[in-house]
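# Coordinate analysis (summary)
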Amino acid sequence: MNGSSTNGVIMSEITPAVPAEQPDLAGQRRDLERELADLRRELDEARTRLAERDAAMKSALREELIASRERLAAMDAEHQQMIESIRAATQTQVDQVIADAQREIGELS
């Protein structure tokens with residue numbers, strides 16, 4: 001028989017076969033760490049882009065708000081001017097009606 005035997009079993013039959021190639025665990029780990037670093041870098045870049053977009057959006061909204069306030073202020077000023085014009089025209093008409101009434105009263109007396 002080849003090899004030594006114990007109770008009729010050949011030792012080479014119970015010894016696990018050594019695979020032809022051992023997995024390169026250190027290499028796999030390096031690859032995974034490199035991939036993880038790449039993913040972290042991509043995540044940081046995505047966060048930076050998001051922050052830039054967020055800042056741009058806030059800036060655009062702020063500018064729009066300022067422009068809206070300016071338009072509203074201009075509309076309000078125009079409205080106030082129209083009200084003053086209407087009041088002045090109305091007061092002129094009232095003064096004319098009073099003057100006409102006083103003249104008619106004077107003519108009747």
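Thresholds, definitions, all that
- Residues numbered from 1 in each chain as written.
- Predicted model: local features only at pLDDT ≥ 70, side-chain atom pairs only at ≥ 80, totals over all residues.
- Heavy atoms only, no water.
- Helix = DSSP H or I, 4+ residues; strand = E, 2+ residues; numbered from the N terminus.
- Buried < 20%, exposed > 50% of the residue type's maximum accessible area, 1.4 Å probe, protein only.
- Areas by Shrake-Rupley, 256 points an atom, 1.4 Å probe, with all protein chains shown as cover.
- pLDDT = per-residue confidence, 0-100.
- Salt bridge = Lys/Arg side-chain N within 4 Å of Asp/Glu carboxyl O.

Helices and strands together make up the secondary structure of the protein, namely two helices and two strands. Walking the protein from its N terminus toward its C terminus, one meets helices and strands in the order β-β-α-α. Expressed as a percentage of the 109 residues in the protein, the buried residues total 2%. Carbon and sulfur atoms form 57% of the exposed surface of the protein, whose accessible area is close to 10,300 Å².

Our next topic: the confidence of the model for the protein. Across the protein, pLDDT averages 87, with 80% of residues at or above 70. For the protein, per-element mean pLDDT is lowest for strand β1 (residues 5-6), which scores 51, and highest for helix α2 (residues 25-108), which scores 96.

Under the counting rule described, the total for this entry stands at six salt bridges. Salt-bridge contacts for R34 lead to D31; the nearest nitrogen and oxygen are separated by 3.1 Å. With a gap of three residues between them, R34 and D31 both fall in helix α2, about one helical turn apart. We classify R34 as partly exposed; its relative accessible area is 47%. On the accessibility criterion, D31 (43% relative accessible area) is partly exposed.

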